[in-house]
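Now for the letters of each chain:
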Amino acid sequence: MTATLDFEPGPVAVGTLVGLSGLLFLLTPVVEPVAVGSLRVSTVALSAVVLTLGFTLGTVVFARRGRRLFAIAHGVFAVAWALLVLGPLLGREALLLAGVVVLVAGAGFLVSQSRQR
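Read on for an overview of the structure. (Residues numbered from 1 in each chain as written. Predicted model: local features only at pLDDT ≥ 70, side-chain atom pairs only at ≥ 80, totals over all residues. Heavy atoms only, no water.)

Describing a nonpolar patch on the surface
Put simply, the rule reads: Any residue with relative accessible area above 30% and no salt bridge may belong to a patch, with like charges joined within 9 Å and the nonpolar Val, Leu, Ile, Met, Phe, Trp and Tyr side chains within 5 Å. All accessible areas in this document rest on Shrake-Rupley with a 1.4 Å probe, and a residue is counted as covered only by the protein chains that are shown. Only one rule defines a salt bridge in this text: a Lys or Arg side-chain nitrogen within 4 Å of an Asp or Glu carboxyl oxygen. Comment: elements are numbered from the N terminus, with helices defined as DSSP H or I runs of at least four residues and strands as E runs of at least two.
Taken together, the side chains of Leu 20, Leu 23, Leu 27, Val 30 and Val 31 present a nonpolar region at the surface, about 410 Å² in accessible area. Topologically, Val 30 is positioned in the loop between helix H1 (9–27) and strand S1 (34–36).

Examining the packing of aromatic side chains
Think of a pair of aromatic rings as described by two things: how far the centres are apart, and how the planes are tilted against each other in angle. Test applied: We call Phe, Tyr and Trp rings a pair once their centres come within 6.5 Å, taking the six-membered ring for Trp, and we label the pair stacked below 30 degrees between planes, edge-to-face above 60, and tilted otherwise. For each residue, the accessible area found with a 1.4 Å probe, counting protein chains only, is set against the maximum for its type, and the residue is called buried under 20%, exposed over 50%, and partly exposed in between.
Following the criterion strictly, the structure yields two aromatic pairs and no others. Each ring, one from Phe 62 and one from Phe 70, has its centre 5.3 Å from the other, and the planes form 25°; the classification is stacked. Looking at Phe 62, the relative accessible area reads 21%, which means it is partly exposed. Owing to a relative accessible area of 39%, Phe 70 belongs among the partly exposed residues under this scheme.

What to know about the side chain of Ser 21
Convention followed: Whether two residues are in contact is decided by their heavy atoms: any pair within 4.5 Å suffices.
Checked against the element boundaries, Ser 21 lands in helix H1. With a relative accessible area of 5%, Ser 21 lands in the buried category. The contact partners of Ser 21, leaving out residues within four places of it in the chain, are Ser 47, Val 50 and Leu 51.

Describing the layout of surface pockets
The condition that has to hold: Detection works on a 1 Å grid of protein atoms alone, calling trapped sets that fit a 1.4 Å probe cavities and calling open sets with protein on both sides within 12 Å along at least five of seven lines pockets, with lining residues defined by an atom within 4 Å of a point. Grid points are joined across faces, edges and corners, and a volume is the space filled by probe spheres set on the points. Only Asp, Glu, Lys and Arg are considered charged in this grouping, and only Ala, Val, Leu, Ile, Met, Phe, Trp, Tyr, Cys and Pro are considered nonpolar; every other residue, Gly among them, is considered polar.
Looking at the largest pocket, its volume works out to about 240 Å³. Contributing to the lining of the largest pocket are Val 36, Leu 39, Val 41, Ala 45, Leu 46, Ala 48, Val 49, Trp 81, Leu 84, Val 85 and Leu 89. Across the lining of the largest pocket, the residue classes break down as eleven nonpolar, no polar and no charged.

Looking at the packing of H1 against helix H2 (residues 43–64)
Note the following rule: Here an angle of 0 to 180 degrees is reported between the N-to-C directions of two axes, which are lines fitted to C-alpha atoms, with helices fitted over the stretch in contact. Any angle from 65 to 115 degrees is called roughly perpendicular, while one under 35 is roughly parallel, one over 145 is roughly antiparallel, and all others are oblique. The hand of a helix crossing depends on one turn: near helix anticlockwise from the far one by less than a right angle means left-handed, and clockwise means right-handed.
One can describe the packing of H1 onto H2 by two numbers: an axis separation of 8 Å at closest approach and a directional angle of 165°. Put simply, H1 runs roughly antiparallel to H2. Note that H1 runs across H2; the crossing there is left-handed. Residues Gly 10, Pro 11, Ala 13, Val 14, Leu 17, Val 18, Leu 20, Ser 21, Leu 24, Phe 25 and Leu 27 of H1 pack against Thr 43, Val 44, Leu 46, Ser 47, Val 50, Leu 51, Leu 53, Gly 54, Leu 57, Gly 58 and Val 61 of H2. Classifying every residue of the contact of H1 with H2 by side-chain character gives 16 nonpolar, six polar and no charged.

Remarks on the environment of Pro 29
The topology assignment puts Pro 29 in the loop between H1 and S1. What makes Pro 29 exposed here is its relative accessible area of 69%. Residues Pro 29 and Leu 46 lie 17 residues apart in sequence; the distance between their C-alpha atoms is 14 Å.

Rendered as structure tokens:
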């Protein structure tokens, strides 16, 4: 019996981004901020950006597969996470608050949708 692995590029890319995000987060205590262009950026900030990209790509991957609820969930978390990252980065409390609102409202919507199924 021969086992073959059938990897699909979309889910592999999403998993890679999420894994990279986790690795960057875990490296934060032992790695100095890295140069991104002329900026010095902490790995925790890079982790948040990479996770946002993973959620965004997950939205596209699930939408193409016809998994509407999963696509919406990834989209909600992509928007919420982006706002939660941008708020402190830009010093805009309103963006941070908007991220929390999107997260809570999106979670409520997703719970209501899952109960209807």
